[in-house]
Structure formats: C-alpha cells, structure tokens
Amino acid sequence: MSEWTDAIVGDRMTVDNQFTDRVSASRFSSQEWGLIMTATELEIEDAADPEEARIVADTSSLPAIMPELENVRSQVAAMGGAPDRGDGGGSGGGLVDSIKGALGLGGSGGGGGSDEELAAAEQLVQEYADELQAHLEDNGKWEQVRLAYQE
C-alpha cells in the first residue's frame, strides 16, 4: 500500500505548505508537528466504495511518542527559545521545568494534560488528512489514488 503514498509525495508537500498556518495556530510547534506526523500512518477507509472512501489517520502510534513532545520543548527551552505553545505564560518554566520533566516531577497535573494533547494531535492529524483528500479531489487525483490504495 505504500505505492499510493509514493504517488502523492508532491501533493503532500503542497498540503504541508498550506497546512503550516493551521499548525502555527495549534498548540504544537513545527518540530512537534513533524514528530506527530512521523508517528502517523495515512490510510483510506472504505476504499472500495467511491462514495464513502476517505483518508483517515492511523494515530495508534501517537501515545508512544507523546512523552517525546516534552523533550522537544525542553530542548527548545534549553537553547533559549520559547516553546511555541499557547498554554504557558505562568511563573516558572524554562530550565526548572525541563529538569522537573526529566525527573518525572511536576508538570501538568499527571496524565490529564497528555490525554488532552493526544486528542489535540489526533484531531489536527485528521484535519490534515481531510485537507489532503480535498486537495486530491480538487486536482482530479482522488479516484486514481483510491484505486491505487486497493491494489
């Protein structure tokens, strides 16, 4: 099934460029988004039915990489950059939070924040999949891609 994704590399690059604004407006930095997309597989659900077929994101690997997002944030903070997120701004942060995170201490109230982040990542990835499908449809490639997926 990788042939179908190989056939749309250029389309994905176009959608990636168009999707940059959506990522910037999200809670994820571009580095975090790259990690999220690396852990995501795109599939076509109901590929045999031209009316129901749609690109869906298989996010089953996301929970395994979610802790790595904090490492990305810690690296950015350690290099003097501000994490590109909209939920900070309180006291503390930076090096102290990075050290606490590395030791498994403190943070965002246990697993609740990570569940929220996972849901946000899953939603954004599906929005990307929807955008990719719309792009393929608009450019007359959807039927060809759908058929290639079935082979």
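Residues numbered from 1 in each chain as written. Predicted model: local features only at pLDDT ≥ 70, side-chain atom pairs only at ≥ 80, totals over all residues. Heavy atoms only, no water.

**Q** For this particular structure, what's the right way to read unusual backbone geometry?
**A** In terms of backbone geometry, most residues other than glycine have negative phi values and most peptide bonds are trans. The backbone of aspartate 46 sits at a positive phi, close to 55°, despite the residue not being glycine. What makes aspartate 46 partly exposed here is its relative accessible area of 44%. (Buried < 20%, exposed > 50% of the residue type's maximum accessible area, 1.4 Å probe, protein only.)

**Q** Where do I start with the pattern of salt bridges in this structure?
**A** Between side chains of opposite charge, a pair can form when the charged atoms approach closely. This structure, assessed with the given rule, holds eleven salt bridges. The salt bridge partner of glutamate 127 is arginine 22, with a shortest N-O separation of 3.4 Å. One end of the pair, glutamate 127, is in helix H6 (residues 112-138); the other, arginine 22, is in helix H2 (residues 9-24), and 105 residues separate them in sequence. With a shortest N-O distance of 2.5 Å, glutamate 32 and arginine 73 are connected by a salt bridge. Here glutamate 32 is found in helix H3 (residues 30-38), whereas its partner arginine 73 is found in helix H4 (residues 62-78), with 41 residues between them in sequence. Exposure remark for glutamate 32: the relative accessible area of 1% places this residue in the buried category. Each of Arg27, Glu32, Glu70, Arg73, Glu116 and Glu117 takes part in one network of salt bridges that share partners. (Salt bridge = Lys/Arg side-chain N within 4 Å of Asp/Glu carboxyl O. Helix = DSSP H or I, 4+ residues; strand = E, 2+ residues; numbered from the N terminus.)

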